[in-house]
Structures are given as structure tokens and as C-alpha cells.
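Read off the chains here:
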Amino acid sequence: MRKNGGRTTKDGIRIYQQADYAGMHVAGKLAARILDDIAAHVFVGQTTGEIDRVITQMVDDAGAKSATIGYKGYQHASCISVNHVVCHGIPGDKKLKDGDILNIDVTVIVDGWFGDTSRMFVAGKLPRKAERLIQVTYDALMKGIEAVKPGNTFGDIGHAIQVYAESQRMSVVRDFCGHGLGEVFHAPPNVLHYGRPGTGATLEEGMFFTIEPMINLGRPETKILADDWTAVTRDKSLTAQFEHSVAVTADGVEIFTLSPAGRFHPTYG
């Protein structure tokens, strides 16, 4: 039993109560607003370190906490993954070049609730093949979210993402997945972005988790660099990712991390 009530399933997944949705909306909205506001700081010649510095300031100004600063020794308020970096890119002195695409991932803590989201950005002119990759990745995320409703399974979510991405001749990264969250950063279940329909735990109202597919133009294999954080595509192909934090509702799904400005996609807004 949780301190605020609720229960845990046999798979170790917390079932949150209706009152808990409000806290998740506040945290999710702040994380999404930070990504809205950081868009103006993504441009050719900008460093990923400066983008992270601005994000850190935004989190502080909001009276929130960064979930990633100090997490397993990580020292930044964001992960910034450029071009063939799949995820967990460390901000630094790297300057963005014209046509670079990047995923910025932010997690904040507001009154004990975790808001976790990421989206794609572009510096300068968006190359055509990168534009298509970004669109397919965005659509794959939304197809996964469409599969969220009580009675479906986590395998249904992964299957929806995998079938769509592979139909577009792209691949789904297997080495990283979404996760449960709420009053903790990472919790059961692992939300795979591939799978068979009808497999995995059954979705129930009150489950909170992220869906965050990573889609590659080339093969799905990744490797971790010597810094023990940065994951890249083995074949150096372009990769993209979008992430929402969601909840299972009585009749479907609720997204906690919608963009207040309608800018979740880099070509929108």
C-alpha cells in the first residue's frame, strides 16, 4: 500500500488514485513548458552545454528540482542527443551545425511528482530524410499512445509502434524502453517499443508510465560510449525519439506532458 492509498499489481506496477493525476499534470506541464521555451535557444552555433544551462535555470526559476542532476552521478538537467546519439547524450561544448537534429529530454520534480518528456529539435534547415525520420517517430509514439486503454496490454503498445515503424522501413531500438513513474523516477513496468499483441501486463486505470520510442533510419543496434552514458547507433545512422508521460484512464489515456504552446513537434507552432 502507498502512503496515499492505491495498490501494487502482481507485476509490481503501482495503481495510482484519481487525486494523484493532478500532481502529475503539474509536473508534466512544467517539463513540457521548459521544452517549449528552450526552442528559442536551439540554433546553429549554440552549444549543448549552454542549452542545458538555460534548462537548469528554468527548473530553478520554477521552484522545481531536476530529477537527473545527481541521478547515478549524472550532473545535468537534461540529456541532449544529437544526430546518431540515441539517448543520454551529455551536454557539453559541442556546437550545433546546420541540419543537426537533437532530442532534448527533461525530467522535473514538483511536489514529489515526476514529469518526464522529450522531443526533437532542429538547428537550421531540417534535411528531408531527417524530417521523415522525425515524422515517423512522432507518429509511432502517437500510435503507441492510441493503444493505451484498460484491458489492452503493454505488448499491444509495443506492437503498434513496431509495426508502424517497420512499415516505414525504419527500425525500433530494443536496448532502451519506457518506464513507470509517478512519485518515483523509474519504476515497473518496462514499456517496450516492440512486441506481440496480447502479451505483457494488462493495462489498468491508474497506471502511470512513459512511452518514448527511439527509431533509427538504419539498424536497431546501439552501443554505449566510454562515458558510460551516451548511447549511439552502431551503424551511425540518424535516430529520433519522442517521449510522453501518460496515465491509463477509465476509458483510455491521458497525456501529462502535452506542449502548452502546441510545439511538441519541431515543425509545428
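Quick caveat: nothing in here was measured; it's all calculated off a predicted structure.

The next point concerns the pattern of salt bridges. All told, the structure shown has 10 salt bridges when counted by the stated rule. Among the ionic pairs, D11 bridges to K10, the shortest N-O distance being 3.7 Å. Taking relative accessible area as the criterion, D11 reaches 42% and is therefore assigned partly exposed. With relative accessibility at 81%, the residue K10 sits in the exposed group.

Looking now at the UniProt feature "binding site: a divalent metal cation 1" (unreviewed entry) in the chain. Mapped onto this numbering, the UniProt entry gives "binding site: a divalent metal cation 1" (unreviewed entry) at D105, D116 and E243. Taken along the chain, the residues just named run across 139 residues; in space they keep tight, none of their C-alpha pairs more than 8.1 Å apart. Tracing the chain through its elements places D105 in strand β6 (residues 101–110). Taking the relative accessible area as the measure of exposure, D105 reaches 14% and is therefore buried. Filtering out sequence-adjacent residues up to four positions away, D105 remains in contact with A77, S78, C79, D116, T117, S118 and E243. Residue class for D116 comes out buried when judged on its relative accessible area of 3%. The contacts of D116, once residues within four sequence positions are left out, are D105, V106, T107, H179, L181, F185, T210, E243, H244, S245 and T257.

Spatially, β8-β12-β15 is the arrangement adopted by the three strands of the open sheet, whose pairing is antiparallel. Each of the sheet's edge strands pairs with one partner strand only, and the pair in question is β8 (171–172) and β15 (239–241). Judged from the two bridges that link them, β8 and strand β12 (residues 214–216) form a sheet pairing that is antiparallel. Bridge pairing in β12 places V172 opposite I215. Here helix α3 (residues 128–146) sits on the sheet and contacts β12 and β15; the angle it forms with β15, its principal contact strand, is near 35°.

Our next topic: the environment of S66. Examined against the element boundaries, S66 turns out to sit in strand β3 (residues 65–66). Residues S66 and A31, 35 residues apart in the sequence, show an inter-C-alpha distance of 9.8 Å. Setting aside anything within four residues of it in sequence, one finds S66 in contact with V59, H76, A77, T107 and I109. Polar side-chain contacts of S66 include one of 3.1 Å to the side chain of T68. At 3.3 Å, the side chain of S66 forms a polar contact with the backbone nitrogen of I69.

For the peptide bond that leads from P188 to P189, omega is 10°, which places it in the cis range. Of note, the phi angle at D228 is positive, near 70°, even though the residue is not glycine. Within the secondary structure layout, D228 lies in the loop between β13 (222–224) and β14 (231–233). Residue classification places D228 among the exposed residues on the basis of a relative accessible area of 65%. At K236, a position not held by glycine, the phi torsion is positive, near 65°.

The pairing of strands in a sheet comes from backbone hydrogen bonds and takes either a parallel or an antiparallel form. Spatially, the three strands line up as an open sheet ordered β5-β14-β13, and their pairing is antiparallel. Two strands close off the open sheet at either side, each with one partner strand: β5 (85–87) and β13. If you compare each strand with its neighbour and ignore which way they point, the axes differ by 40° on average. Pairing of β13 with β14 involves three bridges; the strand directions are antiparallel. Across the sheet, residue T222 finds its bridge partner in β14, namely T233.

Analysis parameters
- Residues numbered from 1 in each chain as written.
- Predicted model: local features only at pLDDT ≥ 70, side-chain atom pairs only at ≥ 80, totals over all residues.
- Heavy atoms only, no water.
- Salt bridge = Lys/Arg side-chain N within 4 Å of Asp/Glu carboxyl O.
- Buried < 20%, exposed > 50% of the residue type's maximum accessible area, 1.4 Å probe, protein only.
- UniProt positions renumbered as here; feature names shortened; annotations may be inferred.
- Helix = DSSP H or I, 4+ residues; strand = E, 2+ residues; numbered from the N terminus.
- Contact = heavy atoms within 4.5 Å.
- Pairing = 2+ DSSP bridges.
- Axes fitted to C-alpha atoms, helices over the stretch in contact; angles between N-to-C directions.
- Polar contact = N/O pair within 3.5 Å; in protein donor to acceptor, adjacent residues only side chain to side chain.

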